[in-house]
Structure formats: C-alpha cells, structure tokens
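The chain contents come next:
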Amino acid sequence: MGELYGGANEARFATDIMGIFRWMEGGEMPETVYRSNIQPTRLLTMQTRNSAAYKGVMALILQDSPLDFMTGHRMDIASYIDEYADIHHIFPQTYCEKNNLPRIKWNSVINKTPIYASSNRSIGGHAPSTYIGTMANKGLKQVEIQEAIESHKVNYAHLVLDDFNAYFIDRAKQLLDRIEQATGKSVSGRDSEETIREFGVALI
C-alpha cells in the first residue's frame, strides 16, 4: 500500500530482507513497513490495475471471500482464477457516462470489485437498481442479494436507490477501514482539506 518499491530497488530489497529477520526476532519493523503510508485521495488515482496499491485493494476484497453478484457463490483467489473473474464497475461505465458522472470517481478503484465474468456480462450497462432485479431473476432471494452486495463493502441501501454519491463516499470509507485493518496503521488525512476538497466530505 505504501508503493515504495519503484526503480532501483536493490538496496531496499537487501535492507528489508535483513529487517524482516530482525522483526521476527522482536526487533523494530523494517523501514519500508514503517514508512508505508497511503493518502485517502490515492484511491481516486487508482484507475488501472498497474499499480501495486490497486492490486492490493482487490486482494483485500478477495481475502474477505465476497459473494459473486449473480450466483451468490463465495469467491476467493482460486475461484477468481478458475471462473475467469473480472473487475467490474459497480456503477457500470455506460451508466456513469450517460449520467455525466465524473470519470475520476467512477473509474477509480472505489467503484470496482471482482466478480465472475459471466456475472459482469449479465449486469451490462444497467443502473444498479436494474441489475439488482436481474440478481433476483437469477434466483437469489432479497436477503441473499443484500448479503452478496455488502460482501463487497458496498452499502446496499445506497445501491438500490442508484445514489452514486452516498455509495461512493461510504465505500471509500469502508476501503480505508479495510486498509487500516490490513496494515495495522491509521490512514492519515481522512479529514484533511485535500480529502474534503476531492470527496466533498471527510472520510471518517
């Protein structure tokens, strides 16, 4: 999440390898772990799967074994590979473009999650409230639909109302909470001026 491994990593690799062993023996944490930091606004600039942090967010979602939207089947790293899973825009791209939603938001990691490719095709470019109806047509009960959606750290109440702004803020908060849980470190700047300027509210 700190994205400290860029170019010319040889010295950092060597230092961290030695640091890991000292850490295991009760010593201080390695410098890379100590210095690791992520700002809330970084979520907005995670637009492609090229960055380590983007992959990290998707890995954390999969680590919590979310449920696929259309089948309700529990997903993990193995099924993600076996079922040809895809990264899905929760508010689909076509819908977002049609409603003139800001690309920096709808194309960010905040609006993406892993689901099976077949489920992604079933969703198409429809509004969430519409594809929630498709989920019901696939045989999922209302409680199962809500469980599947919320397993991806998405607020069902906001999604069923197609309330993009409320959904977006809530999911950003949930992803930051999950990053804090994984790293054991607080995300600084959740109520900073920059965060409020970019998101409209503090993410606390």
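Below is a summary of the structure that appears in this document. Worth saying up front: this structure is predicted, and the values here are computed from it rather than measured.

Let's talk about the overall build of the chain
- The number of helices and strands found in the chain is 13 helices and 2 strands.
- For a compact globule of 204 residues, the expected C-alpha radius of gyration is about 17 Å, and the chain comes in at 18 Å, within 12% of that figure.
- In terms of its C-alpha atoms, the chain occupies a principal-axis envelope of roughly 55 × 40 × 30 Å.
- Each of the 204 residues in the chain was classed as buried or not, and the buried ones make up 43%.
- Sequence separation of 24 or more characterises 67% of the internal contacts of the chain that already satisfy a separation of 6 or more.
- The centroid of the 21 positive side-chain charges in the chain is displaced by 4 Å from the centroid of its 25 negative side-chain charges.

Re a nonpolar patch on the surface
- Among the surface-exposed residues, Tyr5, Phe13, Ile17, Ile20, Phe21, Trp23, Met24, Met29 and Tyr34 lie close enough to one another that they form a single nonpolar patch of about 980 Å² accessible area.
- Per-element accounting of the nonpolar patch gives the leading share, 6 residues, to helix H1 (residues 10–24).
- Mapped onto the elements of the fold, Tyr34 is located in helix H2 (residues 31–35).

As for the pairing of strand E1 (residues 85–89)
- E1 sits mainly inside the fold: 4 of its 5 residues count as buried.
- Pairing analysis gives 5 bridges linking E1 to strand E2 (residues 112–116), with the strands arranged antiparallel. Across the sheet, His88 pairs through a bridge with Thr113, a residue of E2.

Topic: helix H12 (residues 164–183)
- Here H12 contains 20 residues, and its C-alpha end-to-end distance of 28 Å stays within 8% of the 28 Å for a straight helix at 1.5 Å per residue.
- Among the residues of H12, those classed as buried are Phe164, Tyr167, Phe168, Ile169, Arg171, Ala172, Leu175, Leu176, Arg178 and Ile179.
- A positive phi of about 70° marks Gly184, the residue just after H12.

Quick look at the packing of aromatic side chains
- This model, assessed by the stated rule, comprises 8 aromatic pairs.
- For the ring pair Tyr5 and Phe13, a centre distance of 5.0 Å and an interplane angle of 25° mean the geometry is stacked.
- Tyr5 sits in the partly exposed class, given a relative accessible area of 38%.
- When the ring of Phe164 is compared with that of Phe168, the centres are 5.4 Å apart and the planes differ by 25°; the resulting orientation is stacked. With Phe164 and Phe168 both in helix H12, this residue pair falls 4 residues apart, about one helical turn. The pair Phe164 / Phe168 is uniform in exposure class, with both members buried.
- Taken together, the ring pairs connect Phe91, Tyr95, Phe164, Tyr167, Phe168 and Phe199 into an aromatic cluster.

Notes on the nonpolar core
- Among the nonpolar cores identified, the biggest contains 46 residues, and Ile110, Met135, Ile149 and Leu159 are the most heavily contacted of them.
- For this core, the secondary-structure elements that each account for two or more residues are helix H3 (42–45), helix H4 (52–63), helix H6 (93–98), helix H9 (128–137), helix H10 (142–150), helix H11 (156–160) and H12.
- Here this core gets 8 residues from one element, more than from any other, and that element is H12.

Procedures and definitions
Residues numbered from 1 in each chain as written. Predicted model: local features only at pLDDT ≥ 70, side-chain atom pairs only at ≥ 80, totals over all residues. Heavy atoms only, no water. Helix = DSSP H or I, 4+ residues; strand = E, 2+ residues; numbered from the N terminus. Rg over C-alpha atoms; globule rule 2.2 N^0.38 Å. Buried < 20%, exposed > 50% of the residue type's maximum accessible area, 1.4 Å probe, protein only. Contact = heavy atoms within 4.5 Å. Lys, Arg positive; Asp, Glu negative; His and termini not counted. Charge placed at Lys NZ, Arg CZ, Asp CG, Glu CD. Patch = residues over 30% accessible without salt bridge, like charges linked within 9 Å, V, L, I, M, F, W, Y side chains within 5 Å. Areas by Shrake-Rupley, 256 points an atom, 1.4 Å probe, with all protein chains shown as cover. Salt bridge = Lys/Arg side-chain N within 4 Å of Asp/Glu carboxyl O. Pairing = 2+ DSSP bridges. Expected span 1.5 Å × (residues − 1). Phe/Tyr/Trp six-rings, centres within 6.5 Å; stacked < 30°, edge-to-face > 60°. Core = buried A, V, L, I, M, F, W, Y, C linked by side-chain atoms within 4.5 Å.

The values reported here are purely geometric and, on their own, carry no functional implication.
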